[in-house]
Amino acid sequence: MSNGRIPEQVIDAVLKAHDIVEVVGRYVHLTKQGHYLKGLCPFHSEKTPSFTVTPEKQIYHCFGRGAGGNAIRFVAEVEGLSFGQALRKLAAEAHLDVGLEPQQNAAETKENADRSKLLTAYELTGKLYQHILLNTAEGKPALNYLRSRGLTDKLIDTFGIGYAPARWDTLSKPLEKREFELPLMEQGGLLSAKQDGGWVCGQISRPHHVPDS
């Protein structure tokens with residue numbers, strides 16, 4: 001099966017130039033178990049490894065997500081690239097001239113622009129919540145709690161720990177002020193739409209509670 005307008009022989013040449021175990025091994029610690037290798041899936045959080053690589057078939061599969069594919073598909077997923085971009089990356093690593101120009105269609109261009117906006121928004125959100133934790137009265141109880149658990153300001157800065165107040169517009173207002181598209185922020189998990197209008201902090205921007213030891 002071909003992928004879009006990329007000739008099948010080009011895909012085959014790139015796949016033959018790379019061992020999927022080596023490609024996946026750059027991102028995942030794999031351990032051998034019989035005819036396959038196993039590790040923690042890099043695409044979602046899990047404690048029990050459900051991610052496998054089968055050298056004989058040159059494929060990977062995550063049983064937790066029910067998804068898999070070849071080495072090109074893996075690089076595309078793990079690095080947030082299109083299939084064509086991942087193919088060109090692996091071709092370049094193998095010094096293969098596959099005759100494909102690095103062109104992007106309109107969908108790829110918008111996807112990359114949206115990804116860039118989200119990365120900027122994630123960085124802004126982290127800085128905002130860390131500022132609230134370290135420099136405001138709202139964040140002081142959380143900061144005192146963290147310090148009581150032995151976390152120094154250096155550790156807080158190193159791990160980017162912050163505090164999100166319970167106010168519904170804590171994040172939506174600064175994002176909107178900086179002209180971020182709020183529906184896109186919702187797609188990225190930073191915001192959630194309220195049924196009665198407006199936006200609240202999304203799941204990935206909510207603070208995590210540290211259980212007492």
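All values derive from a computational prediction rather than experimental measurement.

Residues of helix H6 (residues 140-148) that are buried include every one of Ala142, Leu143 and Leu146, and no others. Each buried residue of H6 lies within a common arc of 100 degrees when the element is viewed along its axis, so the set occupies one face. Seen from the buried face of H6, the exposed residues on the opposite side, beyond 90 degrees, are Lys140, Pro141 and Ser148. The first or second residue beyond H6 is glycine 150, which carries a positive phi of 90 degrees.

The subject of this paragraph is the sheet that holds strand E5 (residues 67-69). The strand order E1-E2-E3-E4-E5 describes an open sheet built from five strands, whose pairing is antiparallel. The open sheet is flanked by strand E1 (31-33) and E5, the only strands paired with a single partner. On average, adjacent strands in this sheet sit at an angle of 25 degrees to one another, irrespective of strand direction. Sheet contacts for helix H3 (residues 71-79): strand E3 (51-54), strand E4 (59-62) and E5; angle to E4, the most-contacted strand, approximately 50 degrees.

Okay, the environment of isoleucine 59 next. With respect to the helices, strands and loops of the structure, isoleucine 59 is situated in strand E4. Since its relative accessible area comes to 32%, isoleucine 59 is described here as partly exposed. In the structure, isoleucine 59 is positioned 39 residues away from isoleucine 20 in sequence and 6.9 Å away in space, judged by C-alpha atoms. Apart from the residues within four sequence positions on either side, isoleucine 59 is in contact with Ile20, Thr52, Val53, Thr54 and Gly69.

Burial analysis of helix H4 (residues 83-93) places eight of its eleven residues in the buried class, which makes it a mostly covered element. For H4, the full list of buried residues reads Phe83, Gly84, Gln85, Ala86, Leu87, Arg88, Leu90 and Ala91.

Once that is clear, we can look at the packing of aromatic side chains. Tallied over the full model, the rule gives five aromatic pairs. Considering the side-chain rings of phenylalanine 43 and phenylalanine 74, the 5.7 Å spacing of their centres and the 65 degrees angle between planes classify their relative orientation as edge-to-face. On the criterion of sequence distance, the pair formed by phenylalanine 43 in the loop between strand E2 (36-39) and E3 and phenylalanine 74 in helix H3 is long-range, its members being 31 residues apart. Among the residues examined, phenylalanine 74 registers a relative accessible area of 0% and is labelled buried. Members of the aromatic cluster, each reached through a chain of ring pairs, are Tyr27, Phe43, Phe51, Tyr60 and Phe74.

What counts, and where the lines are drawn
Residues numbered from 1 in each chain as written. Predicted model: local features only at pLDDT ≥ 70, side-chain atom pairs only at ≥ 80, totals over all residues. Heavy atoms only, no water. Buried < 20%, exposed > 50% of the residue type's maximum accessible area, 1.4 Å probe, protein only. Helix = DSSP H or I, 4+ residues; strand = E, 2+ residues; numbered from the N terminus. Arc of directions from axis to C-beta. Pairing = 2+ DSSP bridges. Axes fitted to C-alpha atoms, helices over the stretch in contact; angles between N-to-C directions. Contact = heavy atoms within 4.5 Å. Phe/Tyr/Trp six-rings, centres within 6.5 Å; stacked < 30°, edge-to-face > 60°.

On their own, these measurements won't tell you what the molecule is for.
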